[in-house]
Protein chains: 2
Amino acid sequence: MHSFTEENYLKAIYHLSDGNSKAVSTNQIAEMTSTKAASVTDMLKKLADKKLINYIKYQGVTLNESGIRAAVNIIRKHRLWEVFLVEKLGFKWDEVHDIAEELEHINSEHLINRLDDFLGNPATDPHGDPIPDRSGTIQHKKLVKISEMKQNDSGTISGVSEHSSVFLKLLEKLGLTLGTKITVTELIEFDGSIMLSAQTKELTISREVAKNILVIL
Amino acid sequence: MHSFTEENYLKAIYHLSDGNSKAVSTNQIAEMTSTKAASVTDMLKKLADKKLINYIKYQGVTLNESGIRAAVNIIRKHRLWEVFLVEKLGFKWDEVHDIAEELEHINSEHLINRLDDFLGNPATDPHGDPIPDRSGTIQHKKLVKISEMKQNDSGTISGVSEHSSVFLKLLEKLGLTLGTKITVTELIEFDGSIMLSAQTKELTISREVAKNILVIL
DNA sequence: TTATTTATTTAGATTAATCTAAAATTTGAA
DNA sequence: TTCAAATTTTAGATTAATCTAAATAAATAA
Ligand SMILES: [Mn+2]
Ligand SMILES: [Mn+2]
Ligand SMILES: [Mn+2]
Ligand SMILES: [Mn+2]
């Protein structure tokens, strides 16, 4: 098995490469894992020895088959635990990430599959992110940022691309939670902010907020 | 906070001292944690520095106030997770210990208290062991080994002092699970084995088995 | 195309947890 | 009470993960 630390590197590489579509640099990984570049280089050598990544000095890194499988499995666990915390224990969507960061490293296939069943095999986590099934398949939905919508476009909020607690709490306060139907009523040219109607209410959000809310049209 | 490893030592000391009633030796700890005596000595120095134990060279060790509090909290988490695995996820009582060994190190008071409520604040775990409440109080029941019962004594199986999977599976097969009412029908002098009736059935168990089943009279 | 800046790797240390072998202390049998 | 056996501690190494500082390679600006 892989150590706690190795798992975190694999997950970081996976997320930084958008599911392995691009190579990832040493500095990016250092930033994401809050370590120094020199430490990352050491770990990349180890992961390459373990045949989990394709690594050529100075050229960046990608996950190979096994690396992807390992990373996706950790993400599956993370998201299932988040569902558990929200659906069964009553946590808010902004409170679950850090606990799931710990729970995702518990190693028992039996456990995670039973948890999956117990939760009713959910398709997405509390932030709208898809949950890989036990074979590692991920069902991606076509999501669009509110900032890319045109006037009079309508859609349903189905995800967020920023997971910080401050941001999630803000959305909660604004009533812009998952499942909410919205319509863009006006694009403000001056600062790029966006007016929209969400279930009878009217509100304006900044471009920065709009960029981080994802909808299904 | 304490490291994963420190937590395991604290738990080992707690269990070996029967909840702090006796001093524990270096070798006992080494045996329980599957390490060597030299490693234990190193860790005892560290735990003493952290003011979690009373340690005098060559004289054995006891937990102090904080040490007990920390150990009991880990045991609380272990037992609550075991209840979760059995009651909610459908695990058997012989399958949960190893997973709980990992889950017990997840650190979130919020999480464990919500889990406790979700489970209906259970008093005991799947093996009959009492679950400490959030203040650290443990409700001990007066339990007697079957091997100490006299002829015609009756009682309800309420705990086990051996937690191995082989033993628990055996009890399952014999129908001697928690809550089962038994009566001792005969004590076999020859080898100390014991005949008993358990819900209409008659069966004989060895002294070795009898020593590890606990009843409330 | 060369020089400078930026990114990455290497070298050498550090810390936590572990080990083996040797030294010190305690126990308990004669 | 004495001394051999058992227990415990110390000394010195090892491994994983990390760091800082220095060296090397790549990118880019002049
Ligand atoms: Mn998360
Ligand atoms: Mn999530
Ligand atoms: Mn257990
Ligand atoms: Mn138990």
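Residues numbered from 1 in each chain as written. Chains lettered and ligands numbered in written order. Predicted model: local features only at pLDDT ≥ 70, side-chain atom pairs only at ≥ 80, totals over all residues. Heavy atoms only, no water.

What follows deals with the pairing of strand β7 (residues 201–205) of chain A. All names here are of chain A. With five bridges joining them, strand β6 (residues 194–198) and β7 adopt antiparallel strand pairing. Paired with Ser197 across the strands is Glu202, a residue of β7. Here β6 folds back onto β7, and the loop between the two strands holds two residues, one of which, Gln199, carries a positive phi near 40°. (Pairing = 2+ DSSP bridges. Helix = DSSP H or I, 4+ residues; strand = E, 2+ residues; numbered from the N terminus.)

Attention now goes to the domain arrangement of chain A. Residue and element names in this part refer to chain A. For chain A, the assigned domains read domain 1 (4–63), domain 2 (76–140) and domain 3 (144–216). Across the boundary between the two partners, domain 2 contributes eight residues, which contact 12 residues of domain 3. Carbon and sulfur atoms make up 62% of the area that domain 2 and domain 3 hide from each other, which totals about 770 Å². Linking domain 2 with domain 3 are one salt bridge, by the criterion used here. In this structure, Asp94 engages Lys169 in a salt bridge whose closest nitrogen and oxygen atoms are separated by 3.9 Å. (Domains from an automatic or database assignment. Contact = heavy atoms within 4.5 Å. Buried area = accessible area lost by both parts, 1.4 Å probe. Salt bridge = Lys/Arg side-chain N within 4 Å of Asp/Glu carboxyl O.)

Turning next to the protein's contact with DNA strand D. Around DNA strand D, the surrounding shell holds 21 residues, and the nearest of these are Ser3, Ser39 and Lys46 of chain A together with Tyr55 and Lys57 of chain B. What you see for DNA strand D is that sugar and phosphate hold 75% of its atoms within 4 Å of the protein. For DNA strand D, a phosphate oxygen lies 3.0 Å from a polar atom in the backbone of Asn27 of chain B. Residue contributions to the surface near DNA strand D peak at five residues, all from helix α3 (residues 37–49) of chain A. (Near = heavy atom within 4 Å. Polar contact = N/O pair within 3.5 Å; in protein donor to acceptor, adjacent residues only side chain to side chain.)

Residue and element names in this part refer to chain A. The sheet built from six strands is open, its strands ordered β3-β8-β4-β5-β6-β7 with antiparallel pairing. The open sheet terminates on both sides in strands that have one partner only, identified here as β3 (144–145) and β7. The pairing of strand β4 (residues 154–160) with strand β5 (residues 181–187) spans three bridges and is classified as antiparallel. Directly across from Ser154, in β5, lies its bridge partner Thr183.

All names here are of chain A. The tally for this structure, following the rule as stated, stands at 22 salt bridges over all chains. Between Lys46 and Glu6 there is a salt bridge whose closest N-O contact spans 3.6 Å. One end of the pair, Lys46, is in helix α3; the other, Glu6, is in helix α1 (residues 4–16), and 40 residues separate them in sequence.

Attention now moves to the relation of the copies chain A and chain B. With an RMSD of 0.0 Å, the operation that places chain A on chain B is a rotation of 180° combined with a shift of 0.0 Å along the axis. What the rotation and shift describe, once combined, is the action of a two-fold rotation axis. Closest to the rotation axis within chain A is the C-alpha of Leu103 of chain A, separated from it by 3.8 Å. Taken as a fraction of all interface residues of chain A, those also at the interface in chain B reach 100%, which identifies the copy contact as same-surface. (Least-squares fit on C-alpha atoms with pLDDT ≥ 70 in both.)

All names here are of chain A. At the metal site, the manganese ion (ligand 1) is ligated by His78 (NE2), Glu82 (OE) and His97 (ND1), and these contacts range over 2.0 to 2.1 Å. All donors of the manganese ion (ligand 1) come from a single chain, and their spacing in sequence reads H-x3-E-x14-H. In this structure, the manganese ion (ligand 1) is positioned 3.5 Å from the manganese ion (ligand 2), and both are ligated by Glu82. Here Glu82 and His78 lie together in helix α4 (residues 65–88), a separation of four residues that amounts to about one turn. Residue classification places His78 among the buried positions, given a relative accessible area of 8%. (Donors = N, O, S within 2.8 Å, 3.2 Å for Na, K, Ca; no water. Buried < 20%, exposed > 50% of the residue type's maximum accessible area, 1.4 Å probe, protein only.)

A few words now on the interface of chain A and chain B. Counting residues at the interface gives 20 residues for chain A, matched by 20 residues for chain B. In this assembly, chain A packs against chain B so that about 1,700 Å² is buried in total across both faces, 73% of it on carbon and sulfur atoms. Inspection of the region where chain A meets chain B yields zero salt bridges. Viewed at the interface, chain B and chain A are joined by six residue pairs in polar contact (both at pLDDT 80 or more). Every element with two or more residues in the side of chain A that touches chain B is listed here: α4, α5 (97–103) and α6 (109–118) of chain A. Among the elements that line the side of chain A that touches chain B, the one with the most residues is α6 of chain A, at five residues.

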